[in-house]
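Topology and contacts: notes
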Amino acid sequence: MLAIKMKNLLSKIKKCTICEPYLDFGANPVVTAHEDSKIIIIGQAPGIKVHQSGIPWDDASGKQLRKWLNVSEQDFYNVQKFAIMPMGFCYPGKGKSGDKPPRKECAPQWHQQLFDKMPNLKMIILIGMYAQNYYLKDKAKTTLTETVNNYSDYLPKYFVIPHPSPRNRFWLTKNPWFEQMVIPELQKRVATIIT
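Residues numbered from 1 in each chain as written. Predicted model: local features only at pLDDT ≥ 70, side-chain atom pairs only at ≥ 80, totals over all residues. Heavy atoms only, no water.

Focus on the pattern of salt bridges
- Following the criterion strictly, the structure yields 7 salt bridges and no others.
- Lys81 is the partner of Asp75 in a salt bridge, and the nearest nitrogen-oxygen pair spans 2.6 Å.
- When the shortest N-O distance is used, the salt bridge between Lys94 and Asp99 registers 3.0 Å.
- The class for Asp99 is partly exposed, based on a relative accessible area of 31%. (Salt bridge = Lys/Arg side-chain N within 4 Å of Asp/Glu carboxyl O. Buried < 20%, exposed > 50% of the residue type's maximum accessible area, 1.4 Å probe, protein only.)

Comments concerning the nonpolar core
- In terms of nonpolar packing, the biggest core is built from 56 residues, with Ile41, Ile42, Leu69, Leu114, Ile125, Phe178 and Val190 touching the most fellow members.
- When residues no more than four places from it in sequence are discounted, the contact partners of Ile41 are Trp57, Leu65, Leu69, Phe76, Phe82, Ala83, Ile84, Met85, Ile125 and Ile127. (Core = buried A, V, L, I, M, F, W, Y, C linked by side-chain atoms within 4.5 Å. Contact = heavy atoms within 4.5 Å.)

What to know about the packing of helix α1 (residues 2-14) against helix α5 (residues 106-116)
- Look at α1 against α5: their axes get within 10 Å of each other, and the N-to-C directions meet at 165°. By the angle between their directions, the pair α1 and α5 is classed as roughly antiparallel. α5 is crossed by α1, and the crossing has left-handed handedness. On α5, the residues that touch Met6, Leu9, Leu10, Lys12 and Ile13 of α1 are Trp110, Gln113 and Leu114.
- Among the residues forming the contact of α1 with α5, the class breakdown is 6 nonpolar, 1 polar and 1 charged. (Axes fitted to C-alpha atoms, helices over the stretch in contact; angles between N-to-C directions. Helix = DSSP H or I, 4+ residues; strand = E, 2+ residues; numbered from the N terminus. Parallel < 35°, antiparallel > 145°, perpendicular 65-115°, else oblique. Left-handed = near helix turned anticlockwise from the far one by under 90°. Nonpolar A, V, L, I, M, F, W, Y, C, P; charged D, E, K, R; others polar.)

Focus on the packing of aromatic side chains
- The final tally for this structure, using the stated rule, is 11 aromatic pairs.
- Measuring from centroid to centroid gives 5.0 Å for Trp68 and Phe178, while their planes differ by 75°, and the two rings are edge-to-face. Linking Trp68 in helix α3 (residues 60-69) with Phe178 in helix α9 (residues 176-194), this pair joins segments that are 110 residues apart in sequence. For the pair Trp68 and Phe178, a shared accessibility class is recorded, and that class is buried.
- Where Phe115 meets Tyr135, the ring centres are 6.0 Å apart and the plane angle is 75°; that geometry is what we call edge-to-face. Here the residue Phe115 occupies a position in helix α5, and Tyr135 occupies one in helix α6 (residues 128-136), the gap between them amounting to 20 residues.
- Look at Tyr135 and you get buried, because its relative accessible area is 16%.
- Residue placement shows Arg66 over the ring face of Phe76; its charged tip is 5.0 Å from the ring centre.
- Looking at Lys137, its charged tip hangs above the ring of Tyr134, at a distance of 5.2 Å from the centre. (Phe/Tyr/Trp six-rings, centres within 6.5 Å; stacked < 30°, edge-to-face > 60°. Lys NZ or Arg CZ within 6 Å of the ring centre and 35° of its normal.)

Right, dumping it as structure tokens:
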């Protein structure tokens, strides 16, 4: 029964055009979920490459994310292990520096409906400030660096990380503690949940 409800919901989301008038390249919602998903990844919004392929995290950022999680592509795209639900389901278009922010319509419209159909979730990975501010609300720190540095405050429900974009190389160089201390903890928790 839950499987049918999830299938129907995903089908409804794929047809969503709520914010199409504001999208430079039209609507193409990218989301994956299963009633048995164990971990959900909430990022910003698909980039142009993902918009074209329809496969979430099918780009350089996704490669880095899988490295951080220490998972194979096969595991990453196994919907019974990982659900992928961005803050904005469609590519928002190019902004002045990088992509535009995710559209605000998706999360209130669809997120809770998806959560309601995934009773076996063990962890929510919040990637970047948009997801962290939306879900942590006033518990998020002033900056992403502070929030990520205090990642243990949000466990076991949430695991907070920066965006794995190649554009974030400078941040990673400036904050070596992230890959030294936070990533091993993330990998340990992910492995425990999906194996």
